[in-house]
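Structural overview
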Amino acid sequence: HHLETESGVLVLGTEEGSPARAAGLHEGDIIIAFGDRPVRDIDDLHRMLTHDRVGVAAPLTLLRRGEWLIVEITPAGAGRRAAPPQGPVVKGRRA
């Protein structure tokens with residue numbers, strides 16, 4: 001994928017009702033950034049999704065089959081289901 005750094009998190013699947021499913025993530029997507037912060041690994045992503053971010057929508061930058069996409073995700077607390085999206089999922093090429 002010719003990334004500038006060796007970082008990111010591969011999505012292996014999503015659970016029904018999860019924030020990832022609500023955001024439209026697919027198996028095989030590679031999460032590159034949360035908000036304006038790069039995601040280096042799964043621990044990094046977990047910290048970003050749980051540290052003061054529960055219930056707050058943020059852009060998630062990912063690669064899907066070679067295309068840059070940005071989706072909006074709203075992290076939910078442990079054991080909670082995702083709220084329905086409040087607006088359209090934003091998709092487009094990275095500038």
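Anything mentioned here points back to the structure above.
Attention here is on the structure that accompanies the text.

Criteria and thresholds
Residues numbered from 1 in each chain as written. Predicted model: local features only at pLDDT ≥ 70, side-chain atom pairs only at ≥ 80, totals over all residues. Heavy atoms only, no water. Helix = DSSP H or I, 4+ residues; strand = E, 2+ residues; numbered from the N terminus. Buried < 20%, exposed > 50% of the residue type's maximum accessible area, 1.4 Å probe, protein only. Contact = heavy atoms within 4.5 Å. Polar contact = N/O pair within 3.5 Å; in protein donor to acceptor, adjacent residues only side chain to side chain. Core = buried A, V, L, I, M, F, W, Y, C linked by side-chain atoms within 4.5 Å. Arc of directions from axis to C-beta.

**Some words on the overall build of the chain**
In terms of regular secondary structure, the chain is built from two helices and five strands. When the elements of the chain are put in sequence order from the N terminus, they spell out β-α-β-β-α-β-β. Looking at the chain residue by residue over its 95 residues, the buried ones come to 29%. Within the chain, residue pairs in contact and separated by at least 24 positions form 51% of the contacts whose partners lie at least 6 positions apart.

**What about the side chain of D29?**
Following the sequence through the fold, D29 ends up in the loop between α1 (19-23) and β2 (30-34). On the accessibility criterion, D29 (1% relative accessible area) is buried. Ignoring anything within four residues of it in the chain, the contact list for D29 reads V9, L10, V11, G24, L62, L63 and R64.

**Examining unusual backbone geometry**
Phi at R65 is positive, roughly 50 degrees, even though this residue is not glycine. With respect to the helices and strands, R65 occurs in the loop between β4 (58-64) and β5 (67-73).

**Let's talk about the side chain of R64**
On the secondary structure map, R64 appears in strand β4. Note on R64: relative accessible area 8%, which makes it buried. There is a polar contact of 2.8 Å between the side chain of R64 and the side chain of D29.

**Structural notes on the environment of R21**
Here R21 is to be found in helix α1. Residue classification places R21 among the partly exposed residues on the basis of a relative accessible area of 36%. In sequence terms R21 and I73 are 52 residues apart; their C-alpha atoms lie 9.3 Å from each other. Polar contacts involving the side chain of R21 include one to the side chain of E16, which spans 2.7 Å.

**Side note on the nonpolar core**
Counting 15 residues, the largest nonpolar core has L25, I31, F34, V39, L60 and V71 as the members making the most contacts within it. If near-sequence neighbours (up to four positions away) are discounted, L25 is found in contact with V11, T14, A20, I31, L60, L62, R64 and V71.

**Description of helix α2 (residues 42-50)**
Three or more residues of α2 are buried, namely D44, L45 and M48. In an axial view of α2, the angular spread of the buried residues amounts to 95 degrees, which keeps them on one side of the axis. In α2, the exposed positions angled more than 90 degrees off the buried face are occupied by I42 and H46. Here the buried face of α2 lies against β1 (9-10), β2 and β3 (37-38).

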